[in-house]
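Breakdown of the fold
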Amino acid sequence: MVESEALWREALYGPSGFFTRGEVPADHFRTAPLVGPELAEALLVLLDRVDFALGGPSRLDFVDVGAGGGELAEAVRSSASGSLAARLVVTAVDLGPARSVPGVRWRSALPTSVCGLLVGHEWLDAVPCPLVTGPSSHPWAARWWPVGEGERAEIGEPRDVAWADAVSRVARGAALAVDYGHVRADRVAGRYAAGTFAAYRGGRRVEPVFDGTCDLTAHVALDACAEAAGGDWVLVSQRAALGALGLVGAVSPGEPDWLAAAGRASRIAELRAEGGLGSFGWLLHGVGVPVSSLLPPLPPWRP
Ligand SMILES: C[S@@+](CC[C@H](N)C(=O)[O-])C[C@H]1O[C@@H](n2cnc3c(N)ncnc32)[C@H](O)[C@@H]1O
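Residues numbered from 1 in each chain as written. Predicted model: local features only at pLDDT ≥ 70, side-chain atom pairs only at ≥ 80, totals over all residues. Heavy atoms only, no water.

**Some words on the side chain of Asp186**
If you trace the backbone, Asp186 turns up in helix α8 (residues 184–188). With near-sequence residues (within four places) excluded, Asp186 lies in contact with Arg191, Tyr192, Arg302 and Pro303. (Helix = DSSP H or I, 4+ residues; strand = E, 2+ residues; numbered from the N terminus. Contact = heavy atoms within 4.5 Å.)

**Describing the packing of helix α3 (residues 38–53) against helix α11 (residues 258–272)**
Following both chains from N to C, one finds α3 and α11 inclined at 75°, their axes separated by 10 Å at the closest point. What the angle tells us is that α3 and α11 run roughly perpendicular. Between α3 and α11, the residues in contact are Glu38, Leu39 and Glu41 and Arg264, Arg267, Ile268 and Leu271, respectively. Taken together, the residues of the contact of α3 with α11 break down into 3 nonpolar, no polar and 4 charged. (Axes fitted to C-alpha atoms, helices over the stretch in contact; angles between N-to-C directions. Parallel < 35°, antiparallel > 145°, perpendicular 65-115°, else oblique. Nonpolar A, V, L, I, M, F, W, Y, C, P; charged D, E, K, R; others polar.)

**Observations regarding the pairing of strand β14 (residues 281–287)**
In terms of residue burial, β14 counts as a mostly covered element, since 7 of its 7 residues are buried. For strand β13 (residues 232–237) and β14, the ladder comprises 6 bridges, and the chain directions are antiparallel. Note on β14: the bridge partner recorded for Ser237 is Gly281. (Buried < 20%, exposed > 50% of the residue type's maximum accessible area, 1.4 Å probe, protein only. Pairing = 2+ DSSP bridges.)

**Examining the pattern of salt bridges**
Tallying each qualifying case throughout the model produces 14 salt bridges. Between Glu41 and Arg264 there is a salt bridge, with the nearest N and O atoms lying 2.8 Å from each other. Here Glu41, found in helix α3, pairs with Arg264, found in helix α11; they are 223 residues apart in sequence, far enough to count as distant. Given the relative accessible area of 31%, Arg264 is considered partly exposed. Put simply, Arg302 and Asp186 hold a salt bridge, and the shortest N to O gap is 2.8 Å. Pair noted here: Arg302 is in the segment after β14 and Asp186 is in helix α8, with a separation of 116 residues, a long-range link. Residue class for Asp186 comes out buried when judged on its relative accessible area of 8%. Each of Glu38, Glu41, Arg264 and Arg267 takes part in one network of salt bridges that share partners. (Salt bridge = Lys/Arg side-chain N within 4 Å of Asp/Glu carboxyl O.)

**Concerning the layout of surface pockets**
There is about 710 Å³ of room inside the largest pocket. Within the residue set of the lining of the largest pocket, elements represented by two or more residues are α1 (3–13), α2 (32–35), β1 (60–65), α4 (71–79) and α7 (157–168). Sorting elements by how many residues they give to the lining of the largest pocket places α7 first, with 4 residues. In the lining of the largest pocket, the residues fall into 23 nonpolar, 7 polar and 10 charged. Here the second largest pocket is characterised by a volume of approximately 450 Å³. In terms of lining residues, the second largest pocket is bounded by 24 residues, among which Glu122, Tyr180, Tyr200, His219 and Phe280 are the most central. At the level of secondary structure, the elements contributing two or more residues to the lining of the second largest pocket comprise β9 (198–201) and β11 (215–217). (1 Å grid on protein atoms, 1.4 Å probe; cavity = no way out; pocket = protein on both sides within 12 Å on 5 of 7 lines; lining within 4 Å. Points joined across faces, edges and corners; volume = space filled by probe spheres on them.)

**Focus: α1**
Where α1 is concerned, the buried positions are Ser4, Glu5, Trp8, Ala11 and Leu12. Down the axis of α1, the sector holding all buried residues measures 130°, keeping them to one side. Buried positions along α1 lie against β5 (131–133), α7 and β11. (Arc of directions from axis to C-beta.)

**Some remarks on the sheet that holds strand β10 (residues 204–206)**
The 3 strands lie next to each other as β10-β9-β11, forming an open sheet whose pairing is antiparallel. In the strand order of this sheet, the two ends are held by β10 and β11, each with one partner. With direction set aside, neighbouring strand axes in the sheet form an average angle of 40°. The sheet contact formed by β9 and β11 spans 3 bridges and is antiparallel. Directly across from Ala199, in β11, lies its bridge partner Leu216.

This is the structure in structure tokens:
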């Protein structure tokens, strides 16, 4: 393993690493599950489409990989209703300490077989990878991120491997990675020539140090992850995907509980904001289920 990747891994997942000792995103940065229950609602619409395409199996999985504080898994469990809720098994997977979340099974390793929807929400950006300063002769760099003299880059291969492994565990259904990232055309054009490796602590961006005191992260080359996992997939923006799942968030005139409706509309606006959470990528793979049965045609992601 390249030294920078080993240092990053130790800092987050070593014996006293940032995530190993139980730090949760809520204390350090804001992720979409912390905004409110609306992301979970949209994912339940997606899960409902997966369920329909699978013909309503007797057990339907929702697996949250890199679950952090378990907020997304908890919101999916508590927002599910009807026949789907009765058949739903919610599993949270994280390398950090197990948490007690009502109705959610907690594991430290990915399940071997999933029938339903597997989601990695801001998981892959926390998968350590080699940091290089160009020129780099790494084959991944040659294919996905040519690095010129003095330029910095992150070699996304460990993310590709992690994502391909996660998708391979879906026996029937779909796998969704949601993250900030970039695509080859913009990397080649030099838009990320300074690299994207960064650190956060207590809600602020700080100087990266490998001592376990901060979260260490880098944008995800989601196009490379898509190709590594293969099969039937689409890569679209969160803004477009949420719209296609019915999360648009307007307040209708004459709304009886105007205050609640306005709060919901503002949370949806945050999830869909261009340049913010709305510019996150949604990489969706169908396994035994055509992706076209889950989302309508949408423009390709270009953050
Ligand atoms: C940036 S946090 C995201 C948490 C949550 N999904 C959210 O969006 O609020 C990344 C999480 O992924 C977990 N993680 C990283 N690699 C993992 C792996 N191989 N298996 C399970 N969890 C992992 C970390 O422990 C951390 O809790």
